[in-house]
Amino acid sequence: SREKVTAIHADLAPKYGLSAPLVYDGGSIPRQLEELGLTDFAQWRYLYECRRREIQSRPLIFRGANELVRRLKTQGKIVGIVTNRPAEYGSLKLLWQSGLDLNAFDLVVTYDRYPRCVVWKKRLGLLRNAPRRHASALFPKPDKRAFDPIYPLYARYACGPASVMHVGDSMPDILAAHANLFSFIGVLSGAVRHECVFREHGARFVLPSVTDMLDVL
C-alpha cells in the first residue's frame, strides 16, 4: 500500500544521508535518487533494500485484477502495463509475488536506465522474473516517451492514440497519457486519493479501483 511504501522510504532516508524521504507520488524512484546525487552503487543498494522490504510486506493486488485482464482480452482488447519501476532490483519479483500474472499481458514496460544490460541479463537467464513480453523504456512517466515501446504494438493493429485508454493512480500517469493524446481513467487507490485532482486534469472517468473498469469500458 501507499502507506507501507512511504514508511519504507522514511526509514531509508537517514541511512543514505537524505534530508527528507523520497516522495511516493507515482514518479520514478531511480530518477529521484539520481537527481539527489547518489552514486550508482548507493542507488543500487537503496533500490534493492527498498524492494526487499516491499517483498517482505507481501503486497496483494486488487482482488479480481487477473480476472479483469482475462475478460478484457476476451473482448479483444490489448492489455499492457507501463510502470516506472525498473526490471531489476526485485521489482518484477514484487509484481509476481503480489499475485499479478504478468504473462497474461500483451506487453509489460519497465523504466530502465540501461536497457541493453536488461536485454543481456534476460538472454543469460539472470533476470528470471521477466514476463514473456517485456520491453524497456528509456524515460519514466510523466515523460511521454515512457510509452514509446507500446507504439509498435498498437500500430500493428492500425490503432491511433485516441483508441488507447490509460489507467493510472498518479499525476505522472495522467500527464504522460495526455502528452500521448490517450484517454485516461483515474483510480483512487494509489498516489492520488481525491477525485477532484483527476477531474481537474481531464480524466474521462475516475474509479475507486482498477477492478471497476468493466463498468465503464
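Just so we're clear, the structure is a prediction, and the values are computed from it rather than from any experiment.

Observations concerning the sheet that holds strand β3 (residues 134–137)
Consideration 1: In spatial order, the strands read β1-β2-β3; together these three strands make up an open sheet with parallel pairing. The sheet terminates laterally at β1 (80–82) and β3, the two strands that pair on one side only. Taking the axes of each pair of neighbouring strands and ignoring which way they run, one obtains an average angle of 15° across the sheet.
Consideration 2: Sheet topology note: the β1/strand β2 (residues 107–111) ladder contains three bridges and is parallel. Each bridged residue has a counterpart across the sheet, and for Gly80 the counterpart in β2 is Leu107.

Brief notes about the side chain of Ser170
Consideration 1: Its place among the elements puts Ser170 in the loop between β4 (165–168) and α8 (171–179).
Consideration 2: Residue Ser170 is classed as buried on the basis of its relative accessible area of 1%.
Consideration 3: Within the local environment of Ser170, its side chain forms a polar contact with the side chain of Asp173, the two groups lying 2.8 Å apart.

Digging into a nonpolar patch on the surface
Consideration 1: Nonpolar side chains collect at one region of the surface, where Phe41, Trp44 and Tyr48 lie side by side and expose about 350 Å² of accessible area between them.
Consideration 2: One can find Trp44 in helix α3 (residues 40–56).

Observations regarding α3
Consideration 1: With 17 residues, α3 should reach 24 Å at 1.5 Å per residue; the first-to-last C-alpha distance of 24 Å fits that figure.
Consideration 2: Turning to α3, its buried residues are Ala42, Gln43, Tyr46, Leu47, Glu49, Cys50, Arg51, Glu54 and Ile55.
Consideration 3: The inward-facing, buried residues of α3 abut α1 (2–15), α2 (29–35) and α5 (91–97).

Some details on the pattern of salt bridges
Consideration 1: Scanning all chains against the criterion turns up 14 salt bridges.
Consideration 2: In this structure, the salt-bridge partner of Arg52 is Glu49, at a minimum N-O distance of 3.8 Å. Here Glu49 and Arg52 lie together in helix α3, a separation of three residues that amounts to about one turn.
Consideration 3: Classification of Glu49 as buried rests on a relative accessible area of 10%.
Consideration 4: Via salt bridges that share partners, Asp11, Lys15, Glu49, Arg52 and Arg53 belong to a single interconnected network.

Remarks on the packing of α1 against α3
Consideration 1: α3 packs onto α1 with a crossing angle of 145° between their chain directions and a minimal axis gap of 10 Å. Relative to α3, α1 is oriented so that their crossing is right-handed. Across the interface between the two elements, Val5, Ile8, His9, Asp11, Leu12 and Lys15 of α1 pack against Arg45, Tyr46, Glu49, Cys50, Arg53 and Glu54 of α3.
Consideration 2: For the contact of α1 with α3, the class distribution of residues is five nonpolar, one polar and six charged.

Focus: unusual backbone geometry
Glycine aside, residues mostly have negative phi, and peptide bonds are mostly found in the trans state.
Consideration 1: Of note, the amide linkage connecting Lys141 to Pro142 takes the cis form, showing an omega dihedral of 20°.
Consideration 2: In this structure, Pro142 sits in the loop between β3 and α7 (151–155).
Consideration 3: A positive phi is found at Leu181, a non-glycine position, where the angle reads about 65°.

Here we look at the packing of aromatic side chains
Any two aromatic rings considered together are summarised by their centre-to-centre distance and by the angle between their planes.
Consideration 1: By the definition in use, this model includes six aromatic pairs.
Consideration 2: For the ring pair Phe41 and Trp44, a centre distance of 5.6 Å and an interplane angle of 20° mean the geometry is stacked. Remark: Trp44 and Phe41 occur in helix α3; sequence separation between them is three residues, near one turn of the helix.
Consideration 3: Judged by relative accessible area, Trp44 falls into the partly exposed class, the value being 41%.
Consideration 4: When the ring of Tyr151 is compared with that of Phe182, the centres are 6.4 Å apart and the planes differ by 35°; the resulting orientation is tilted. Here Tyr151 is found in helix α7, whereas its partner Phe182 is found in the loop between α8 and β5 (183–187), with 31 residues between them in sequence.
Consideration 5: Among the residues examined, Tyr151 registers a relative accessible area of 27% and is labelled partly exposed.
Consideration 6: Overall, Phe182 belongs to the buried group, its relative accessible area being 4%.
Consideration 7: In textbook terms, an aromatic cluster arises when at least three aromatic residues are bridged by ring pairs, as seen for Phe41, Trp44 and Tyr48.
Consideration 8: Between the NZ or CZ atom of Arg123 and the centre of the ring of Trp120, over which it lies, the distance is 5.0 Å.

Rules used in this analysis
The written sequence of each chain sets the order in which its residues are numbered from 1. Given that the model is predicted, a residue must reach a pLDDT of at least 70 before its local features are reported, and side-chain atom pairs must reach 80 or more before they are shown or counted; all residues, however, enter totals for whole chains, interfaces and linings. With hydrogens and water stripped out, all remaining heavy atoms of the structure feed into the side-chain values. A pair of strands counts as paired when DSSP detects no fewer than two bridges linking them. We count a stretch as a helix when DSSP gives it H or I for four or more residues in a row; a strand needs E for two or more, and each element gets its number in order from the N terminus. Only C-alpha atoms enter the line fits that serve as axes; for helices the fit covers just the stretch in contact. Angles between N-to-C directions range over 0 to 180 degrees. Exposure is judged per residue with a 1.4 Å probe applied to protein chains only, and the accessible area is read against the type maximum: over 50% gives exposed, under 20% gives buried, and values in between give partly exposed. Between N or O atoms, a polar contact is any pair within 3.5 Å; within protein, one atom must be a potential hydrogen donor and the other a potential acceptor, and residues adjacent in sequence are included only when both atoms are from side chains. A residue counts toward a patch only above 30% relative accessible area and without a salt bridge, and it is joined to like-charged neighbours within 9 Å or, for Val, Leu, Ile, Met, Phe, Trp and Tyr, to nonpolar neighbours within 5 Å. Computed with the Shrake-Rupley method and a 1.4 Å probe, the accessible areas treat only the protein chains shown as cover for residues. For this document, the term salt bridge refers to a Lys or Arg side-chain nitrogen within 4 Å of an Asp or Glu carboxyl oxygen. Take the number of residues in a helix, subtract one, and multiply by 1.5 Å to get its expected span. Contacts are assigned to residue pairs with any non-hydrogen atoms lying within 4.5 Å of each other. With the far helix as reference, a near helix turned anticlockwise by less than a right angle produces a left-handed crossing, and one turned clockwise produces a right-handed crossing. Note on residue classes: Ala, Val, Leu, Ile, Met, Phe, Trp, Tyr, Cys and Pro are nonpolar, Asp, Glu, Lys and Arg are charged, and everything else, Gly too, is polar. A pair of aromatic rings is counted whenever rings of Phe, Tyr or Trp (Trp by its six-membered ring) have centres within 6.5 Å, and the orientation is called stacked for planes under 30 degrees apart, edge-to-face for over 60 and tilted otherwise. Throughout this description, the term charge over a ring refers to an Arg CZ or Lys NZ atom that lies within 6 Å of the ring centre and within 35 degrees of the ring normal.

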